[in-house]
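Residue-level structure breakdown
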Amino acid sequence: MPKEQANWSPYDNNGGSCVAVAGADYCVIAADTRMSTGYNILTRDYSKICKLADKCVMASSGFQADVKALQKHLAARHLIYQHQHNKQMSCPAMAQLLSNTLYYKRFFPYYSFNVLGGLDNEGKGCVFTYDAVGSYEKVGYSSQGSGSTLIMPFLDNQLKSPSPLLLPAQDAVTPLAEAEAIDLVKTVFASASERDIYTGDKLEIVVINADGIRREYMDLRKD
Amino acid sequence: MNFMASKQPENSLLGLESDSQRTLYVTCLISIELGSSLDVRYPYVTGTSVVALKYKDGILMAADMGGSYGSTLRYKSVERMKPIGKHSLLGASGEISDFQEILRYLDELILYDNMWDDGNSLGPKEVHNYLTRVMYNRRNKFNPLWNSLVLGGVKNGQKYLGTVSMIGVNFEDNHVATGFGNHLARPVLRQEWHENLSFEDGVRLLEKCMRVLLYRDRSAVNKLQIAKITEDGVTISQPYSLKTYWEFSAFENPAQGAIGSW
């Protein structure tokens, strides 16, 4: 019988964009809720944002099955951590754990593109941005996923982060107020969904500050 | 295999080359690392789309009964929807034998759960999650179960409808479809589905989807079943056919208006 199926691949790209912005006393993490494969939209309401600890949230795009496996793994590791230390993991610690977890699968990678956001031990906003095999960097804001090529330069233009080469080291957090950061995130997603077919349907925004975690939603283009 | 792997520049795993090249590179690496040959196979007897939706009292699901051997319509009475435990209904497209293997796994799962005899039973959410892990685990071993699965169910008044693909991609929605159904049925469902569909309207909507698929999916056959699951359990209909109309003049003489040299 002739082979009719296209060559099997263990990977798929389910699209989606993630953004995180850190401020002096807050962190905003956002992602759209569209899940696609090729030109098909599989569902318009799939959350890409996962709460890993009390003050630590991860947004991930890429291959949904790998992302789900990664989230489950981190949740299990965090449960063990809580049993051993009787406290929540800090955001910088979770950032290192995520990097190690991704690198552990360096030769059969999790096809997932993550941004991690939260508050550090001083209550200051922090954002960590990753590639699929675990390289990571602490930044003031970042974008990952299918719309990142449209979003990142816009954020650069609006936020102008201090060069990491400056001495003494400058703080990376953005000067924006919380409400301004949320507005900026809404704007970048409204813009990205105009040109990126994998970004759209709905925007989910998670805000972390001293009061705790808050969630809000905004509609995006559905075409 | 070795040749392909060594041809790739060492540090270009990310970013530079296309997805298919990257996949091939990773694939080669895996087979070298594990010292095993690749296990990916291809399907023999396959079933086509499954379509399912939530309605007022539960879940409705439809699938035709064809079993294709490549493009040959080999089997005409394949049941592709089965009840799982007390609260779930499973529909499958893709390799029929892999589906039957999955049914064996689930039979064991439900049996062992039942042997606790503690009055608890696995609901559709648990069964769907189990299937998700089985499919993803097999893709990690490069030996996938060649199916797209749809799982529907009702437990404690909660309706559940989800799907899993061959490589483990999974999600829940108010309506789902596999294969061709994603292209042809879901647009219809997105336009016409609403929360308060009655049983009759739900069946009518599914039949509309199945009719579109019958006309345009060459491996669909006009013999289908519709299954229903509510709080009271699963009912799968007897096989029946849809009324079709082929007498359009363009069908009777398709070459008219397209005159070729022969």
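Cut-offs used in this document
Residues numbered from 1 in each chain as written. Chains lettered and ligands numbered in written order. Predicted model: local features only at pLDDT ≥ 70, side-chain atom pairs only at ≥ 80, totals over all residues. Heavy atoms only, no water. Helix = DSSP H or I, 4+ residues; strand = E, 2+ residues; numbered from the N terminus. Buried < 20%, exposed > 50% of the residue type's maximum accessible area, 1.4 Å probe, protein only. Contact = heavy atoms within 4.5 Å. Areas by Shrake-Rupley, 256 points an atom, 1.4 Å probe, with all protein chains shown as cover. pLDDT = per-residue confidence, 0-100. Pairing = 2+ DSSP bridges. Axes fitted to C-alpha atoms, helices over the stretch in contact; angles between N-to-C directions. Buried area = accessible area lost by both parts, 1.4 Å probe. Salt bridge = Lys/Arg side-chain N within 4 Å of Asp/Glu carboxyl O. Nonpolar A, V, L, I, M, F, W, Y, C, P; charged D, E, K, R; others polar. Left-handed = near helix turned anticlockwise from the far one by under 90°. Disulfide = S-S within 2.5 Å. Lys, Arg positive; Asp, Glu negative; His and termini not counted.

Our focus in this paragraph is the overall build of chain B. Helix and strand counts for chain B stand at 8 helices and 13 strands. Burial statistics for chain B: of 262 residues in total, 48% are counted as buried. At a minimum sequence separation of 6, the contacts of chain B that also span at least 24 residues come to 61%. If you sum the accessible surface of chain B, you get close to 14000 Å²; carbon and sulfur atoms cover 50% of it.

Where the model shows low pLDDT, its predicted coordinates should not be examined in detail. All names here are of chain B. On average, residues of chain B score 89 in pLDDT, and 85% of them are at 70 or above. When the criterion is pLDDT under 50, residues 1-17 qualifies, and its contacts beyond four places in sequence or with other chains add up to 25 contacts. Within the model, pLDDT remains below 50 along residues 24-35, and this stretch shows 24 contacts once partners closer than five positions in the same chain are excluded. Here the prediction assigns the complex a pTM of 0.89, and the interface score ipTM is 0.93.

A word on the sheet that holds strand S12 (residues 212-219) of chain A. All names here are of chain A. Pairing in this open sheet of 5 strands is antiparallel, and the strands run S10-S1-S2-S11-S12 from one edge to the other. Each edge of the sheet is formed by a strand with only one pairing partner; in this case those strands are strand S10 (141-145) and S12. Direction aside, neighbouring strands of the sheet carry axes that sit 15 degrees apart on average. Of the strands in this sheet, strand S1 (17-22) and S10 are in contact with helix H3 (residues 148-159), which crosses S10 at around 170 degrees. Here helix H4 (residues 178-195) sits on the sheet and contacts S1, strand S2 (26-32), strand S11 (202-209) and S12; the angle it forms with S2, its principal contact strand, is near 15 degrees.

Take the interface of chain B and chain A next. Counting residues at the interface gives 36 residues for chain B, matched by 33 residues for chain A. Summed over both sides, the interface of chain B with chain A buries roughly 3100 Å², with 61% coming from carbon and sulfur. Between Arg139(B) and Asp66(A) there is a salt bridge, with its nearest N and O atoms 2.9 Å apart. Put simply, the parts of the chain that give the side of chain B that touches chain A at least two residues each are helix H2 (19-34), helix H4 (124-140), strand S10 (170-172), helix H5 (180-184) and helix H6 (186-192) of chain B. At 6 residues, H2(B) tops the list of elements feeding residues into the side of chain B that touches chain A. Across the side of chain B that touches chain A, the residue classes break down as 18 nonpolar, 9 polar and 9 charged.

Residues and elements named next belong to chain B. In terms of burial, strand S3 (residues 58-64) is largely enclosed, as 7 of its 7 residues are buried. Two elements, strand S2 (residues 50-55) and S3, share 6 bridges in a ladder whose sense is antiparallel. Directly across from Tyr 55, in S3, lies its bridge partner Gly 58. Taking the residues that link successive antiparallel strands as the turn, the S2-S3 hairpin has 2 residues. The pairing of S3 with strand S12 (residues 224-230) spans 7 bridges and is classified as antiparallel. Looking across to S12, one finds that Ala 62 is bridged to Ile 226.

Residue and element names in this part refer to chain A. Counted by the stated rule, this structure contains 22 salt bridges over all chains. The salt bridge involving Arg 34 is made with Asp 201; its shortest N-O contact spans 2.9 Å. Placement of the pair is Arg 34 in the loop between S2 and strand S3 (35-37) and Asp 201 in the loop between H4 and S11, with a sequence separation of 167 residues. Two residues, Arg 221 and Asp 223, come together in a salt bridge whose shortest N-O distance is 2.6 Å.

Below, the discussion takes up the packing of H3(A) against H4(A). Residues and elements named next belong to chain A. Orientation of H3 relative to H4, taken along the N-to-C sense of each, is 145 degrees, at an axis distance of 9 Å. The handedness of the crossing between H3 and H4 is right-handed. On H4, the residues touching Leu 150, Ile 151, Phe 154, Leu 155, Gln 158 and Leu 159 of H3 are Leu 184, Thr 187, Val 188, Ala 192 and Arg 195. Counted by class, the contact of H3 with H4 contains 8 nonpolar, 2 polar and 1 charged residues.

Turning to the state of the cysteines, a few remarks are in order. All names here are of chain A. On inspection of all chains with the given rule, the structure shows 0 disulfides over all chains. The thiol sulfur of Cys 18 is not disulfide-bonded, and the nearest other cysteine sulfur, from Cys 50, lies at 12 Å. A relative accessible area of 0% places Cys 18 in the buried class. Cys 50 forms no disulfide, and the closest cysteine sulfur to it belongs to Cys 56, at a distance of 9.5 Å.

Turning our eyes to something else, we now look at the side chain of Asp120(A). Residues and elements named next belong to chain A. Tracing the sequence through the fold places Asp 120 in the loop between strand S7 (112-119) and strand S8 (125-130). An unpaired buried charge is present at Asp 120: no salt bridge exists, and Lys 138, the closest side chain of opposite charge, is 4.8 Å distant. Sequence-distant contacts of Asp 120, that is, excluding residues within four places in its chain, are made with Pro 92 and Cys 126.

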